[in-house]
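Survey of secondary and tertiary structure
Here are the chains, one letter per residue:
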Amino acid sequence: MTARGYNQFCGVARALDLIGERWSLLIVRDLLDGPKRYSDLLHSLAGIPSDMLANRLRNLESAGLVQRAVLPPPAASKVYELTDRGKGLEAALVELSRWGVELLDAPTPADSFRSQWMALSLRSRFRPAHTEGVELTVHFEVDGETLAATIHNGRLTTRAAEPGESPDVTVAGDPAAFAAAARGEPVAGRLRISGKPAALAKFAAAFESPITSER
């Protein structure tokens, strides 16, 4: 869907023909957590012009990666969501996140941050084989936002936390500390973790991360 295709008989080139435009993969990233309104995407994709978002969504719809839907009542909001084809990009984005987190150091003053952007890093460290039969909710608090991660019988889902929720485990810190943890680096004293011992043990088993030892 780029203005000019690569005209190469190669899977990578064909994929980039569809999702190689600026912002396209980030739209997919933000829709992996579930359907979102246009205004939600405009907020989460910090810095994207509204007309460019509309253009990219049209292109992704034409490519069969995104579709429009209406949430059931009482919300009844018009939203964008990934098709099954679009969801197929999750594994590639998880690996890209795993590779890219090695490039993260301290955020610059120009860098924006959303807690939901940590979701792919969590998926890259998640160990489903260690969570069969586990029910656990973890809140990751950073810069005034909270990402809720729910583990249900070997499956991890993420979303924005709802007000008044009581998670089993809470982890709080700044973006740089979470990035360091995603790289597998020691983060002693940089993150605060709380929860009952049984919940903390489940959390430690679920994620391949030094976060689990920070108490």
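Residues numbered from 1 in each chain as written. Predicted model: local features only at pLDDT ≥ 70, side-chain atom pairs only at ≥ 80, totals over all residues. Heavy atoms only, no water.

1. Section: the overall build of the protein chain
When you go through the protein chain residue by residue, the secondary structure sums to 9 helices and 7 strands. The C-alpha radius of gyration computed for the protein chain amounts to 18 Å, which stays within 12% of the reference 17 Å derived for 215 residues, consistent with globular compactness. On the principal axes, the C-alpha backbone points of the protein chain span a range of 55 × 40 × 35 Å. The buried share of the protein chain, reckoned over its 215 residues, is 41%. Split by element, the accessible area of the protein chain, about 11900 Å² in all, is 53% carbon and sulfur. Here the protein chain holds 25 positive side-chain charges and 26 negative ones, and the gap between their average locations is 3 Å. (Helix = DSSP H or I, 4+ residues; strand = E, 2+ residues; numbered from the N terminus. Rg over C-alpha atoms; globule rule 2.2 N^0.38 Å. Buried < 20%, exposed > 50% of the residue type's maximum accessible area, 1.4 Å probe, protein only. Areas by Shrake-Rupley, 256 points an atom, 1.4 Å probe, with all protein chains shown as cover. Lys, Arg positive; Asp, Glu negative; His and termini not counted. Charge placed at Lys NZ, Arg CZ, Asp CG, Glu CD.)

2. Structural notes on the confidence of the model for the protein chain
The predicted model of the protein chain has a mean per-residue pLDDT of 93, with 95% of residues at 70 or higher. Per-element confidence in the protein chain ranges from a low mean pLDDT of 93 for helix α8 (residues 175-182) to a high of 98 for helix α5 (residues 84-87). (pLDDT = per-residue confidence, 0-100.)

3. Here we look at the packing of aromatic side chains
Going through the model one piece at a time under the given rule, you end up with 5 aromatic pairs. Aromatic side chains phenylalanine 140 and phenylalanine 178 sit 6.0 Å apart centroid to centroid with 70° between the ring planes, which places their arrangement in the edge-to-face category. Of this pair, phenylalanine 140 sits in strand β3 (residues 135-142) while phenylalanine 178 sits in helix α8, placing them 38 residues apart in sequence. You'll find phenylalanine 140 and phenylalanine 178 in the same group, each marked buried. With 6.3 Å between their ring centres and 55° between their planes, phenylalanine 140 and phenylalanine 203 make a pair best called tilted. One end of the pair, phenylalanine 140, is in strand β3; the other, phenylalanine 203, is in helix α9 (residues 197-206), with 63 residues separating them in the sequence. One aromatic cluster in this structure is built from Phe126, Phe140, Phe178, Phe203 and Phe207. (Phe/Tyr/Trp six-rings, centres within 6.5 Å; stacked < 30°, edge-to-face > 60°.)

4. Digging into the side chain of histidine 139
Of note, histidine 139 is situated in strand β3. According to the relative accessible area criterion, histidine 139 is buried, its value standing at 5%. The residues contacting histidine 139, other than those within four sequence positions of it, are Thr146, Leu147, Ala148, Ala161, Glu165, Pro167, Val169, Thr170 and Val171. (Contact = heavy atoms within 4.5 Å.)

5. Describing the pairing of strand β5 (residues 155-160)
Where strand β4 (residues 145-152) meets β5, 6 bridges bridge the pair, whose relative direction is antiparallel. Within β5, the residue paired with histidine 152 across the bridge is arginine 155. (Pairing = 2+ DSSP bridges.)

6. Some details on the pattern of salt bridges
Considering all chains together, one arrives at 9 salt bridges under this definition. Between arginine 159 and glutamate 165 there is a salt bridge, and its shortest N-O distance comes to 2.6 Å. We classify arginine 159 as partly exposed; its relative accessible area is 32%. Glutamate 165 gets classed as partly exposed once you look at its relative accessible area, which sits at 27%. Each of Asp33, Glu90 and Arg123 takes part in one network of salt bridges that share partners. (Salt bridge = Lys/Arg side-chain N within 4 Å of Asp/Glu carboxyl O.)

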